[in-house]
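Survey of secondary and tertiary structure
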Amino acid sequence: METKTLQKKETTTTTMSGSEALIHCLLAEGADLIYGYPGGAIMPFYDQLHVHQDKIQHVLTRHEQGATHAAQGFARATGKVGVAVATSGPGATNLITGIADAQIDSTPMVCITGQVGSHLLGSDAFQETDIIGISTPVTKWNHQITSAKEIPEVLAKAFYIARSGRPGPVLIDITKDAQFEEFEFAYAKCEHIRSYTPVPEVQEDQLKAAAEVINAAKKPMIVWGQGVILGEAESAFKTFVEKSGIPAAWTILGVSAIPTSHPLNVGMVGMHGNYGPNVLTNDCDVLIAIGMRFDDRVTGNLETYAKQAKVIHFEIDPAEVSKNVKADIPVLGNSKETLERILPFIEKKQHTDWHQRFKDHYAIEFDKVIKNDIHPSKEGLTMGEVIELINKKTKGEAIIVTDVGQHQMVGIRYANFNTSKSNITSGGLGTMGFALPAAIGAKMGAPDREVVAIIGDGGYQMTIQELGTIFQTKAAVKIVVLNNEFLGMVRQWQQLFFDKRYASTEMKNPNFCKIAEAYDIEAQKVTDRNNLEDAVERMIASKNSFFLEVMVEKEDNVFPMIPTGASVSDIRLE
């Protein structure tokens, strides 16, 4: 990627330091809420943050990883670019997990790291780390600034790359002397980078070829992903689904693009997805993938995945087309534009008999799995019934932030989503510890919405220190820990595939309520079904942050489940 940029002309200049220039760049990009943790190499920037605190809000997280996840939560809830800041050395390296998470989940984020003085580069100075080399595999772009005059152009380019096309994380490393250095500042937003084409040009022949196959299909099926949300294509997608009459299933990052209750929404695909859309993937005659990347958790065994179907792939990133599943017809471009432009070519249909197949499979799944999850007859509490009560009390209008594990699959399967950008989770990287800081960012990005974090007892303790961020900011996050005293998903695999050898998965946990109360967060623990509904109602009614711990069955499993390496047709219901 060449670095030459075309920008809007800026006529006025002002002399200022590099650190003050950073503030002006952030404000010019609308980034007036950022997350971070100070240190020596980034101290000049933090000094300017203090000077300009009336213009830009900095949230002090308790760990740099928490800053990246909070920035991700903010970005996912708002569609804006999240910003995280750290110092050099361990501060910078602590950002890497969140950056990798943002890269694989296509989350727009700009990370700014301080670096030792340019005269010390390569000398193994105190807290010097080659963060450019370390972050190269997990960033969309990165760059090291050693001179203050570089700052405006590089920051403009960073925000443009992070938000354009398929979004992703960008890291800018700035030496300490560049932050002190004074120069003539002028800022112009980046609008183009030579050799960088973030959105492919839509080809009319691709649209017509796709429409012809869709119109002729007898058993077509849609699988949509987060590309619909990132492309702001929700309205066009809904119109496309309703006009074509095609059953539509979602990946875990795609859910909420259309309401859960939509009659053409047939559920979730993938390892713990719904029975019908998984089994019928290998029976459809046309598979229409929209803004998704055919990852292994969706496809199972690629040798048996949808071999009978013609595959149409709507995708903004050409590198994803035919990477895992061969596309018979690629449709390149932003999903909003491609869906809007294909609509005139799509015939209105209903596919009634084909829809009935999905309903029949759902009935089987409901009888064998769902009713036992959300309306259990056994004495012990289940994760599913907790999610069902949250649905009832929030009416499907909350932002649900999930961590990683059994609770994640249960939460996303059973939560009701009426509004887009309501599901925030770590999809591709599967980062335990994601939910608590991400929920803080989501609440700050969408303060008028209820934000409920669903977390397991294992993942919760990976970033539990971010309760301090809630304590300091008063972010009204609702925290639900579903406690089974196990690393539940690993334990499930150990039970099913390792003869119940529960190696290093049983958890001896502290008193979570006392910890929450130490941070001035109201807390309640539920061990009995008779107290559950009142506790959930009390949590949702609170205007402040609230911690709810629910003791659930220790050895419940999440079904349906596709065993690793199996076909989607081999999905297990028990």
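Our subject is the structure listed above.
Cut-offs and rules
Residues numbered from 1 in each chain as written. Predicted model: local features only at pLDDT ≥ 70, side-chain atom pairs only at ≥ 80, totals over all residues. Heavy atoms only, no water. Helix = DSSP H or I, 4+ residues; strand = E, 2+ residues; numbered from the N terminus. Rg over C-alpha atoms; globule rule 2.2 N^0.38 Å. Buried < 20%, exposed > 50% of the residue type's maximum accessible area, 1.4 Å probe, protein only. Contact = heavy atoms within 4.5 Å. Polar contact = N/O pair within 3.5 Å; in protein donor to acceptor, adjacent residues only side chain to side chain. Phe/Tyr/Trp six-rings, centres within 6.5 Å; stacked < 30°, edge-to-face > 60°. Pairing = 2+ DSSP bridges. Right-handed = clockwise from strand over helix to strand, strands pointing away. Salt bridge = Lys/Arg side-chain N within 4 Å of Asp/Glu carboxyl O. Axes fitted to C-alpha atoms, helices over the stretch in contact; angles between N-to-C directions. Arc of directions from axis to C-beta. Parallel < 35°, antiparallel > 145°, perpendicular 65-115°, else oblique. Left-handed = near helix turned anticlockwise from the far one by under 90°. Nonpolar A, V, L, I, M, F, W, Y, C, P; charged D, E, K, R; others polar.

**Comments concerning the overall build of the chain**
- Scanning the chain from terminus to terminus reveals 23 helices and 22 strands.
- Its C-alpha radius of gyration of 24 Å places the chain within 12% of the 25 Å reference for a compact globule of 574 residues.
- Overall size of the chain, expressed as C-alpha extent along the three principal axes, is 70 × 60 × 40 Å.
- Put simply, the chain has 574 residues, and 61% of those count as buried.
- Long-range contacts, defined here as pairs at least 24 residues apart, represent 77% of the contacts in the chain between residues at least 6 apart.

**Points about the side chain of D173**
- By the element assignment, D173 lies in strand 8 (residues 169-175).
- Polar contacts involving the side chain of D173 include one to the side chain of Q144, which spans 2.9 Å.
- Sequence-distant contacts of D173, defined by excluding residues within four places in its chain, comprise T113, G114, Q115, I131, I132, H143, Q144 and I145.

**Observations concerning the packing of aromatic side chains**
- Going through the model one piece at a time under the given rule, you end up with 15 aromatic pairs.
- Ring geometry for Y160 and Y196: centres 5.9 Å apart, planes at 90°, overall edge-to-face. Within this pair, whereas Y160 is found in helix 7 (residues 151-163), its partner Y196 is found in the loop between strand 10 (190-193) and helix 9 (204-216), the two being separated by 36 residues in sequence.
- For the pair W354 and F358, a centre-to-centre distance of 5.1 Å together with 85° between the ring planes defines the contact as edge-to-face.

**Let's talk about the environment of E191**
- Locating E191 in the fold gives a position in strand 10.
- On the accessibility criterion, E191 (46% relative accessible area) is partly exposed.
- In this structure the C-alpha to C-alpha distance between E191 and R62, which are 129 residues apart in sequence, comes to 35 Å.

**What to know about the pairing of strand 4 (residues 57-60)**
- Strand direction decides the pairing type here: strand 3 (residues 33-36) and strand 4, joined by four bridges, are parallel. When the bridges of strand 4 are listed, L33 appears paired with Q57.
- Following the backbone out of strand 3, through helix 2 (residues 43-51) and into the adjacent parallel strand 4, one traces a crossover that is right-handed.

**Regarding the pattern of salt bridges**
- Scanning the entire structure with this criterion turns up 25 salt bridges.
- Here E204 and R341 are joined by a salt bridge, their closest N and O atoms 2.9 Å apart. Of the two residues, E204 is situated in helix 9 and R341 in helix 14 (residues 335-342); the sequence distance between them amounts to 137 residues.
- A relative accessible area of 34% means that E204 is categorised as partly exposed.
- Since its relative accessible area comes to 30%, R341 is described here as partly exposed.
- One connected set of salt bridges, linked through shared partners, spans R166, D317, E320 and K323.

**Structural notes on the sheet that holds strand 4**
- Strand order in the open sheet made by the six strands is 4-3-5-6-8-7, with parallel pairing throughout. At either margin of the open sheet sits one strand with a lone partner, and together these are strand 4 and strand 7 (141-145). Within the sheet, the average angular offset between the axes of one strand and its neighbour, ignoring direction, is 20°.
- Bridge count for strand 3 against strand 5 (residues 82-86) is two bridges, and the pairing is parallel. Following the sheet pairing, G36 is matched in strand 5 by V85.
- Against the sheet, helix 2 contacts strand 3, strand 4 and strand 5, and its axis sits at roughly 140° relative to strand 3.
- In the packing of helix 7 onto the sheet, contacts are made with strand 5, strand 6 (109-115), strand 7 and strand 8, and the angle to strand 7 comes to roughly 165°.

**Side note on helix 11 (residues 234-244)**
- All of the buried residues in helix 11 are E234, A236, F237, F240, V241 and S244. Taken around the axis of helix 11, the buried residues stretch over an arc of 165°, which confines them to a single face.
- Residues of helix 11 that are buried sit in contact with helix 9, strand 11 (220-224), helix 10 (227-230), strand 12 (248-250), strand 14 (286-290) and helix 14.
- Just downstream of helix 11 lies G245, where phi reads positive at about 70°.

**Digging into the packing of helix 16 (residues 383-394) against helix 17 (residues 406-414)**
- At a minimum axis distance of 9 Å, the contact between helix 16 and helix 17 shows a crossing angle of 40°. Classed by the angle they form, the pair helix 16 and helix 17 counts as oblique. The two elements helix 16 and helix 17 meet at a crossing, and its hand is right-handed. Contacts between helix 16 and helix 17 involve M383, G384, I387 and N391 on the former and, on the latter, Q406, H407, V410, G411 and Y414.
- Grouping the amino acids of the contact of helix 16 with helix 17 by side-chain chemistry returns four nonpolar, five polar and no charged.

**Section: the sheet that holds strand 15 (residues 310-315)**
- If you walk across this open sheet you meet the six strands as 13-12-11-14-15-16, and the pairing is parallel. Strand pairing shows two members of the sheet lacking a second neighbour, strand 13 (265-268) and strand 16 (329-332), which therefore form its edges. The sheet shows a mean angle of 20° between the axes of neighbouring strands, direction not considered.
- Across the sheet, helix 11 touches strand 11, strand 12 and strand 14, and the angle it forms with strand 11 is around 165°.

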